[in-house]
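Read off the chains here:
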Amino acid sequence: MIVGDPSSFAIESGITQAFANPGQFALGYFIIHIRAKMHGVKEPDASLLACSVDAVSDRLRRRGTHQAANLSAFDATEIAQAYLDAFYRETARADYFGLSHGEFSQALRRNSIVWAPDGDEAFDDGSHVLQFDVGSGVRLIGLVDTGSESDLAASIVEERVDADVFYDTLSRWSSLFAAERAALLRSQR
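The present account deals with the structure reproduced in this document.

### Comments concerning the overall build of the chain
What the chain contains, in helices and strands, is five helices and nine strands. When the helices and strands of the chain are read in sequence order from the N terminus, they spell out β-β-β-β-β-α-α-α-β-β-β-α-β-α. Relative to the compact-globule value of 16 Å for 189 residues, the chain shows a C-alpha radius of gyration of 17 Å, a close match. In terms of its C-alpha atoms, the chain occupies a principal-axis envelope of roughly 55 × 35 × 30 Å. The buried share among the 189 residues of the chain stands at 47%. Expressed as a percentage of contacts within the chain between residues at least 6 apart in sequence, the contacts between residues at least 24 apart total 59%. Approximately 8700 Å² of the chain is accessible, and the part contributed by carbon and sulfur atoms is 50%. Across the chain, the mean location of the 17 positive side-chain charges is 6 Å away from that of the 27 negative side-chain charges.

### Some thoughts on the pairing of strand β8 (residues 137–144)
The buried count for β8 comes to eight of eight residues, which makes it a mostly enclosed element. Side chains of β8 alternate between two faces, with Gly 137, Arg 139, Ile 141 and Leu 143 and Val 138, Leu 140, Gly 142 and Val 144 buried alike. Relative to β8, strand β7 (residues 127–134) is paired through eight bridges, and the arrangement is antiparallel. Paired with Gln 131 across the strands is Leu 140, a residue of β8. In sequence, β7 turns back onto β8 through a hairpin of two residues, with Gly 135 there showing a positive phi of about 60 degrees. Pairing between β8 and strand β9 (residues 157–162): six bridges, direction antiparallel. Residue pairing across strands places Gly 137 opposite Asp 162, the latter belonging to β9.

### Details of unusual backbone geometry
Backbone torsion omega between Ala 116 and Pro 117 reads 5 degrees, so that peptide bond is classified as cis. Assignment of secondary structure puts Pro 117 in the loop between β6 (114–116) and β7. Of note in the backbone geometry, Arg 35 takes a positive phi value of approximately 50 degrees without being a glycine. By the secondary structure assignment, Arg 35 is in the loop between β3 (26–34) and β4 (37–39). You can call Arg 35 partly exposed: its relative accessible area is 46%.

### Regarding the packing of helix α2 (residues 76–88) against helix α3 (residues 101–110)
For any two helices packed against each other, one specifies the crossing angle of their axes together with the interaxial distance. Where α2 meets α3, the closest approach of the two axes is 10 Å, and the angle between their N-to-C directions is 100 degrees. By the angle class used here, α2 and α3 are roughly perpendicular. Across from Ala 82, Tyr 83, Ala 86 and Phe 87 in α2, the residues of α3 making contact are His 101, Phe 104, Ser 105, Leu 108 and Arg 109. Class assignment of the residues belonging to the contact of α2 with α3 gives a composition of six nonpolar, two polar and one charged.

### A look at the sheet that holds β6
Read across the open sheet, the four strands follow the order β6-β7-β8-β9; overall the sheet is antiparallel. The outermost strands of the open sheet, each flanked by one partner alone, are β6 and β9. Each strand axis lies, on average, 25 degrees off the axis of its neighbour in the sheet, ignoring direction. In the packing of helix α5 (residues 163–187) onto the sheet, contacts are made with β6, β7, β8 and β9, and the angle to β9 comes to roughly 95 degrees.

### Thoughts on the packing of helix α1 (residues 50–61) against α5
Relative orientation of the contacting elements α1 and α5 amounts to 140 degrees, with a least axis distance of 10 Å. Looking at the two axes, α1 sits oblique to α5. Note on packing geometry: the crossing formed by α1 with α5 is left-handed. Residues Val 53, Val 56, Arg 59 and Leu 60 of α1 pack against Tyr 167, Leu 170, Ser 171, Trp 173, Ser 174 and Phe 177 of α5. By residue class, the composition of the contact of α1 with α5 is seven nonpolar, two polar and one charged.

What counts and how
Residues numbered from 1 in each chain as written. Predicted model: local features only at pLDDT ≥ 70, side-chain atom pairs only at ≥ 80, totals over all residues. Heavy atoms only, no water. Helix = DSSP H or I, 4+ residues; strand = E, 2+ residues; numbered from the N terminus. Rg over C-alpha atoms; globule rule 2.2 N^0.38 Å. Buried < 20%, exposed > 50% of the residue type's maximum accessible area, 1.4 Å probe, protein only. Contact = heavy atoms within 4.5 Å. Areas by Shrake-Rupley, 256 points an atom, 1.4 Å probe, with all protein chains shown as cover. Lys, Arg positive; Asp, Glu negative; His and termini not counted. Charge placed at Lys NZ, Arg CZ, Asp CG, Glu CD. Pairing = 2+ DSSP bridges. Axes fitted to C-alpha atoms, helices over the stretch in contact; angles between N-to-C directions. Parallel < 35°, antiparallel > 145°, perpendicular 65-115°, else oblique. Nonpolar A, V, L, I, M, F, W, Y, C, P; charged D, E, K, R; others polar. Left-handed = near helix turned anticlockwise from the far one by under 90°.

As structure tokens, this is what we get:
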């Protein structure tokens, strides 16, 4: 199932098996499309989807709060580099757009800027997605970290989406996913 426009922003998922246990929820895949690039592993058994479902629900609950005002003027590549430096790399870097390492990391965590990875194996392909609520829009930055600087630059994609369109896509996907899971649970009885 795909909800949204993959050439701009969409969510795609597939359920291979549904589980009644909320900790497992369903086996399948969860993909975030940004400007026709897929972020996530598209395999029938990529992940148990509880974390991905929870991440969408959390984004809906926290609409408008995914903000980091000091980052809005910076290039997507600069933001992606700083994010990877702060969370995944051994680096001597001390300045993160005028913030310390700790202040920058805390701002991203506190404001739930990092959408993916979300705790599920759904993003074991090295995909990362950052979301910023900016005015009446949403700025998405997607990247794939392969460990190579040259690969990183080529993987970065950015899209700005109207906030109503973005959050409506999340809401519609959430409803359709819940209905698909419920139907599968009924059929598995």
